[in-house]
Amino acid sequence: MSEAPAALELVDVAAGYGAADILASVTLRAAAGRITTIAGPNGAGKSTLIKTLAGLLRPRRGRILVGGRDVTALSPAERARAGLGYVPQERNVFRNLTIGENLRIGHEFIHRRASRREFALARARVLDLFPDLAPRLNGLAGALSGGQRQMLAMGCALISGPSVLLLDEPSAGLSPRYVATMLDAVAQVNRSGVSVLMIEQNLVEAMRVSHDAILLVGGEIRGRWNAAAFLADPEVRTLFLGGTQRVAAPAQPERQRDGASAA
Ligand SMILES: Nc1ncnc2c1ncn2[C@@H]1O[C@H](COP(=O)(O)OP(=O)(O)OP(=O)(O)O)[C@@H](O)[C@H]1O
Ligand SMILES: [Mg+2]
C-alpha cells in the first residue's frame, strides 16, 4: 500500500537554543490534506518544533521537507515562498496597524508585485472565512478581541495561499465560543486543500477537527494516533488528566476520521 504523500517531514531533527538540545531526535510526518495536531505538556518543545519547521530556529542535525522538497537550508522567507504558512503563538499581528494593513503586508510578503485586484480577491477569501473582520478593516489590530486577533493572524498567513499551514495554539486564551469558531475555521481551511500541522492544548475541541495526533514529551515523540483514538489512550489520559491540563471527555465514536482527507 502506498503511503499518502507527506506535507511535512522531519527526519532525525535536533534543535535547541543554548548548549542543550530541546528536541533530541525528532522524526515525524504530517500527511498531505490532513490536520495533524501535536499535543504535549508545557515546555515539551512544541513551539520549538514549529519554529524549527518555520525556519526561525536552525536544526543542529536532521532534515526538513515540505511536500517532498528539502527546505532545511532555506530561510523563513524562502520557506514561506515555498508554500509554508506560519502563525506564531504570540505577537502574531502588528497591533499598531489596521486590519487591512496587516492583511496587505501578509500578501505582499509573498506576492510582491500583486495587482490591487489580486490583493482584493485574496482578501475577499480571507473575509469569507472570517466575516468578523470585514467591518473592521480600517480599525487597529490592537483594538481587536483575542479571538478576532487570532483570526487576523491566521488570515495574514492564509492570504498568500500556502499549501501547508503551521499553527501554534490557535485557540489559546479564547472563550469557548471562539475556540470552536477558530477550530471550525481550521477545518474549513483544510477542506479547501491546505494541509495543517497545529499545536493545541484544547484537546477535545482539537480532536473534533483533527485527523492525526502526535504526542511530544520532553522533546521526544511518544506516539502517533488516529485523532479519534487519541483521548482514549491510557498514556494520554494519564498525562493530561494528571497534569495541569484537562481533558474533559473521551473521544466519541463519531469522531472517527480515519481515511478522511480534504478535497
Ligand atoms: N528563546 C528561548 N531561549 C531559550 N530557551 C527557550 C526559548 N524558548 C523556549 N525555551 C525553552 O525550551 C523549552 C521548550 O519550550 P517550548 O516553548 O518549545 O515549549 P512548548 O511545548 O511550546 O510549551 P508551551 O505549552 O508552554 O507553549 C522550555 O524549557 C523553554 O524554557
Ligand atoms: Mg508553545
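That block above? That's the structure.
Position numbers for residues start from 1 in each chain and track the written sequence from start to end. Note on labels: chains are lettered from A, ligands numbered from 1, in written order. Local features are withheld for residues below a pLDDT of 70 in this predicted model, meaning they are given only at 70 or higher, and side-chain atom pairs are given and counted only at 80 or more; totals for whole chains, interfaces and linings count all residues.

Chemist: Help me out: how do you make sense of the site of ligand 1 in this one?
Modeler: In this text, near has one meaning. A residue is near a molecule or strand if its C-beta atom, placed using the backbone, is within 6 Å of it. Every residue lining ligand 1 is accounted for by Tyr17, Ile22, Gly40, Asn42, Gly43, Ala44, Gly45, Lys46, Ser47 and Thr48. Note on residue classes: Ala, Val, Leu, Ile, Met, Phe, Trp, Tyr, Cys and Pro are nonpolar, Asp, Glu, Lys and Arg are charged, and everything else, Gly too, is polar. For the shell around ligand 1, the class distribution of residues is 3 nonpolar, 6 polar and 1 charged.

Chemist: Is there a simple way to think about the nonpolar core in this case?
Modeler: Counting residues in hydrophobic clusters, the biggest one holds 69 residues, and the most contacted among them are Leu152, Ala157, Leu165, Leu166, Leu167, Val186 and Val196. Take this core: its biggest share by element is 7 residues, from helix H5 (residues 146-158). Placing C-beta atoms from the backbone, we regard two residues as in contact once those atoms come within 7 Å. Once you skip the residues sitting within four places of it in the chain, Leu167 turns out to touch Val87, Val186, Val196, Met198 and Ile199. By convention the nonpolar core is taken to be a set of buried residues drawn from Ala, Val, Leu, Ile, Met, Phe, Trp, Tyr and Cys and joined through C-beta atoms within 7 Å. Partly exposed residues are those falling between the two cut-offs: more than 12 but fewer than 20 other C-beta atoms within 10 Å of their own, whereas 20 or more means buried and 12 or fewer means exposed, with C-beta atoms placed from the backbone. Working definition: helices are DSSP H or I runs of at least four residues, strands are E runs of at least two. Numbering for both runs from the N terminus.

Chemist: How should I be thinking about the pairing of strand E3 (residues 35-39) in this particular structure?
Modeler: Within a regular strand, side chains alternate between the sheet's two faces. In terms of burial, E3 is largely enclosed, as 5 of its 5 residues are buried. Alternating residues of E3 divide into Ile35, Thr37 and Ala39 and Thr36 and Ile38, and every residue in both groups is buried. Where E3 meets strand E8 (residues 195-199), 4 bridges bridge the pair, whose relative direction is parallel. Following the sheet pairing, Ile35 is matched in E8 by Val196. Of the strand pairs in this sheet, E3 and strand E9 (residues 212-217) are connected by 4 bridges, and their pairing is parallel. Paired with Ala39 across the bridge in E9 is Leu215. Pairing between strands requires that DSSP locate at least two bridges from one strand to the other.

Chemist: For this particular structure, what's the right way to read unusual backbone geometry?
Modeler: Note: most peptide bonds trans; most residues except glycine with negative phi. A positive phi angle is found at Arg91, which is not glycine, with a value near 45°. Secondary-structure assignment places Arg91 in the loop between strand E6 (84-87) and helix H3 (99-110).

Chemist: Got a minute to help me understand the sheet that holds strand E1 (residues 6-15) in this structure?
Modeler: Within a sheet, adjacent strands bond to each other through the backbone by hydrogen bonds, running parallel or antiparallel. Ordered in space as E2-E1-E4-E5, the 4 strands form an open sheet in which the pairing is antiparallel. Two strands bound the open sheet, and with one partner strand each, they are strand E2 (23-31) and strand E5 (69-70). Pairing analysis gives 2 bridges linking strand E4 (residues 61-66) to E5, with the strands arranged antiparallel. Looking across to E5, one finds that Val66 is bridged to Arg69.

Chemist: Where do I start with the environment of Phe230 in this structure?
Modeler: For Phe230, the location among the structural elements is in helix H8 (residues 227-230). With 26 C-beta atoms counted inside 10 Å, the residue Phe230 sits in the buried group. Here the alpha-carbon distance between Phe230 and Asp212, two residues 18 residues apart in the chain, equals 8.5 Å.

Chemist: Explanation requested: H5 in the structure shown.
Modeler: Spacing of three or four residues puts side chains on the same side of an α-helix, whose turn is 3.6 residues. In a helix, the anticipated span is given by 1.5 Å times the number of residues less one. End to end, H5 covers 18 Å across 13 residues, agreeing with the expected 18 Å (1.5 Å per residue, within 8%). Counted residue by residue, H5 has 11 buried out of 13 residues, so it is predominantly covered. Buried within H5 we find Gln148, Arg149, Gln150, Met151, Leu152, Ala153, Met154, Gly155, Cys156, Ala157 and Leu158. Close packing links the buried residues of H5 with E6, H3, helix H4 (116-129), strand E7 (164-168) and helix H6 (176-191).

Chemist: Sorry, what's going on with the sheet that holds E8 here?
Modeler: Taken in spatial order, the 6 strands make up an open sheet running E6-E7-E8-E3-E9-E10, and their pairing is mixed. Among the strands making up the open sheet, the edge pair consists of E6 and strand E10 (220-226). Strand-to-strand twist across the sheet, computed as the mean angle between neighbouring axes with direction ignored, equals 15°. Across 6 bridges, the pairing between E9 and E10 is antiparallel. Looking at the pairing, Val217 lines up with Glu220 of E10. Fitting a line to C-alpha atoms yields each axis, with helices limited to the stretch in contact; the angle taken between N-to-C directions then spans 0 to 180 degrees. Of the strands in this sheet, E3, E6, E7, E8 and E9 touch helix H1 (residues 46-54), which is tilted by about 150° from E7. This element, H6, spans E3, E7 and E8 of the sheet and lies at about 155° to E8.

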